[in-house]
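# Structural description and commentary
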Amino acid sequence: MSAPHRPVGDRFRRYRTGRGGGEQLTVPPAEFTSYYGRPVLKPPVWKWDIAAYLFTGGLAAGSSLLAAGGQLTGRPALRRAGRVTSLAAVTASAYFLVNDLGRPARFHHMLRVAKPTSPMSVGTWILTVFGPAAGVAAVAEAAPWLPERGALGVGRRLLPGVGRAAGLVAAATAPALATYTGVLLADTAVPSWHEAYPELPAIFAGSALASGAGVGLLAAPCAQAGPARRMAVAGAALELWGAHRVETRLGLLSEPYRTGAPGRLLRAGRTLTAAGVLGALAGRRSRLLSGLSGAALLAASVATRFGIFHGGVASARDPKYTVVPQRARVDRRAAQG
Amino acid sequence: MPDADSRHGPLDPAPDAGWTDARPRMGFFTDTSVCIGCKACEVACKEWNDVPGSGLDLLGMSYDNTGALTANSWRHVAFVEQPRPAAPAAGALPGASAAAGPQFLGMPGARPPGRDTGAQTRSDFRWLMMSDVCKHCTHAACLDVCPTGSLFRTEFGTVVVQEDICNGCGYCISACPYGVIDQRRGDGRAWKCTLCYDRLGAGLTPACAQACPTESIQYGPLDELRERAAHRVATLHERGVPQARLYGHDPTDGVGGDGAFFLLLDEPEVYGLPPDPVVTTRDLPRMWKRAGLAALAMAAAAVAAFVGGSS
């Protein structure tokens, strides 16, 4: 008789214990039963495109708010940078969203219905309003390059007004664009996303503000960057609060956000956010320091989005995160009679 | 307390979905106590629905090489092979038998297990078999979150994907609390059991139920199946099988009860089923509220940043 076999399920389990740089887990390894350690849920089939979309969508929203603020308070550098970034980011968003579909050629089937029970449908319609508005606002920035006479001259005269209106439409839609993605992830059976539903929209709103502020700090001269600094502080506060909550409040379901690659990404996001805010506050007179802190805020937003995305994916891959909390719920109900 | 909200709370799904000529709700009752693991259901399903092969997968864990419900396996026969008696010892808690998890029994050989090792090293073991399938939930998360309307509720109360509409966004896959619906590789669309919608319309029995040699898979009006299942559980309890229990039959559970429900001989997680599945859209109103709050906070922060001064 050979040596006793380990339960075969061990081979399928993806425990992260013993990895992650010797970090002490506050949640002890959970005892649970599963079918050979195979996942109960199907892990999200979304590729990295969706994590990238979370960033570009937030960036588009944050920078269009920056642009509208610049437009209304007479800060042309903020307006221009915000509008151009917003268009670039929303274009990238559309690419990522369509590219992630199993059948990209059928993306327009999203426009067959409008369903409030489907955050993806709601998001499609938000993007349908936001995208063209952001596009028109950005195109209006090209008005001064048009000739003064002829048909294009009419465009030169009309575009700034149209751009102002479109910029306001985009800014009015922006908060919805930045926060619906929190519901998009939470309205799934993925344990660590679903249970984090109170915080995800706040994290994404904060991250969007911080990345929009990052664009302002990178692009605007110090004289115009004051609002961007304040936006950075507010966004960072929201983002750090939300991330701290999901990393600590969810018990076992916080574990995927603290361990492995998602844990490293979220820690990097936190460090970069803090560095970005400090740099923004310290660098009021330094163009270089402002620019660096803007870049740090953008990088922080990327890291946070990918961290939240991959934390959820990790929680769906391991049956522990599905079975243990549900079993506890059943046992609690049974104990109450 | 019945709740008229279709995302949670008992109701009849087909009339709720707008069918004025809804038929009685049809479903499966899968009695795992008589399943012999022949996989006729898996094969019949593939044959009738023209589901492509999954390739040759040897998972190295048990006689189950299908592994899970996937886009290419709309029925999946789970084999729980464990060196322990099927019935728990007297006085043991119902859940205690599940603590150790499935164990590897070695490669099947030409001689019976334990023949060469002496009587002392032999252990009793159990084979629990269970033919799993899409649950056709009363409150189906996949259907609620589908952004194209590709998933729809049939007049029989079942849930079906329209393959010519699905654009492969994958949202239903993450939303399913049972991990049923899946994306097909090389195709990109989501696929799952249709409860043989085409056969139902013609008054036929679904292929898996038709092929099942032991009537482990029973098909019929859901009300009738629930009665039959309750009767079967009572019979098993009388015969000294106290661990028999129903799963997915209760219209007050987290998904409003399943159109396909099961008689199990152990805890659901032993078979790879979630112990307490909840429809993902149950918390959706609260989620939208939180998103609204976050959006307001965001707008307020942006306004404050610009009115706060010029420096």
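Since this is a predicted model, take the numbers as computed values, not measurements. (Residues numbered from 1 in each chain as written. Chains lettered and ligands numbered in written order. Predicted model: local features only at pLDDT ≥ 70, side-chain atom pairs only at ≥ 80, totals over all residues. Heavy atoms only, no water.)

Attention now moves to the pairing of strand β8 (residues 217-221) of chain B. Residues and elements named next belong to chain B. Of all 5 residues in β8, 4 are buried; the element is thus mostly enclosed. Inspection of the sheet shows strand β1 (residues 26-31) paired to β8 by 5 bridges, in the antiparallel sense. Bridge pairing in β8 places methionine 26 opposite proline 221. (Buried < 20%, exposed > 50% of the residue type's maximum accessible area, 1.4 Å probe, protein only. Helix = DSSP H or I, 4+ residues; strand = E, 2+ residues; numbered from the N terminus. Pairing = 2+ DSSP bridges.)

Residues and elements named next belong to chain B. For chain B, the assigned domains read domain 1 (15-82 + 123-280) and domain 2 (281-310). Distance from the C-alpha centre of domain 1 to the C-alpha centre of domain 2: 41 Å. Each side of the interface is counted separately: domain 1 has 5 residues, and domain 2 has 4 residues. A buried area of about 370 Å², summed over both sides, lies between domain 1 and domain 2, and 52% of it is on carbon and sulfur atoms. The interface formed by domain 1 and domain 2 contains 0 salt bridges. For the pair domain 1 and domain 2, the interface holds 4 residue pairs in polar contact (both at pLDDT 80 or more). (Domains from an automatic or database assignment. Contact = heavy atoms within 4.5 Å. Buried area = accessible area lost by both parts, 1.4 Å probe. Salt bridge = Lys/Arg side-chain N within 4 Å of Asp/Glu carboxyl O. Polar contact = N/O pair within 3.5 Å; in protein donor to acceptor, adjacent residues only side chain to side chain.)

Under the criterion given, the structure shown has 14 aromatic pairs over all chains. Look at A:Tyr35 and A:Tyr36: their rings are 4.8 Å apart centre to centre, the planes differ by 75°, and that puts the pair in the edge-to-face class. Under the relative-accessibility criterion, A:Tyr36 is labelled buried at 1%. These aromatic residues form a ring-pair network of at least three members: A:Trp46, A:Trp193, A:Phe309 and B:Tyr171. Stacked on the ring of B:Trp48, the Lys or Arg B:Arg199 has its end atom at 4.5 Å from the ring centre. (Phe/Tyr/Trp six-rings, centres within 6.5 Å; stacked < 30°, edge-to-face > 60°. Lys NZ or Arg CZ within 6 Å of the ring centre and 35° of its normal.)

On to a nonpolar patch on the surface, then. Residues and elements named next belong to chain A. A cluster of nonpolar side chains, namely Val136, Val154, Leu158 and Val162, defines an oily patch on the protein surface of about 310 Å² accessible area. For the nonpolar patch, the element with the most residues is helix α5 (residues 150-186), which contributes 3 residues. By the element assignment, valine 162 lies in helix α5. (Patch = residues over 30% accessible without salt bridge, like charges linked within 9 Å, V, L, I, M, F, W, Y side chains within 5 Å. Areas by Shrake-Rupley, 256 points an atom, 1.4 Å probe, with all protein chains shown as cover.)

With that out of the way, let us pick up the state of the cysteines. All names here are of chain B. One pass over the full model with this rule turns up 0 disulfides over all chains. Cysteine 45 takes part in no disulfide bond, and the closest cysteine sulfur, belonging to cysteine 196, lies 6.3 Å away. Looking at cysteine 208, it has no disulfide partner, and the nearest cysteine sulfur is the one in cysteine 196, 6.2 Å off. The exposure class assigned to cysteine 208 is buried, which follows from its relative accessible area of 6%. (Disulfide = S-S within 2.5 Å.)

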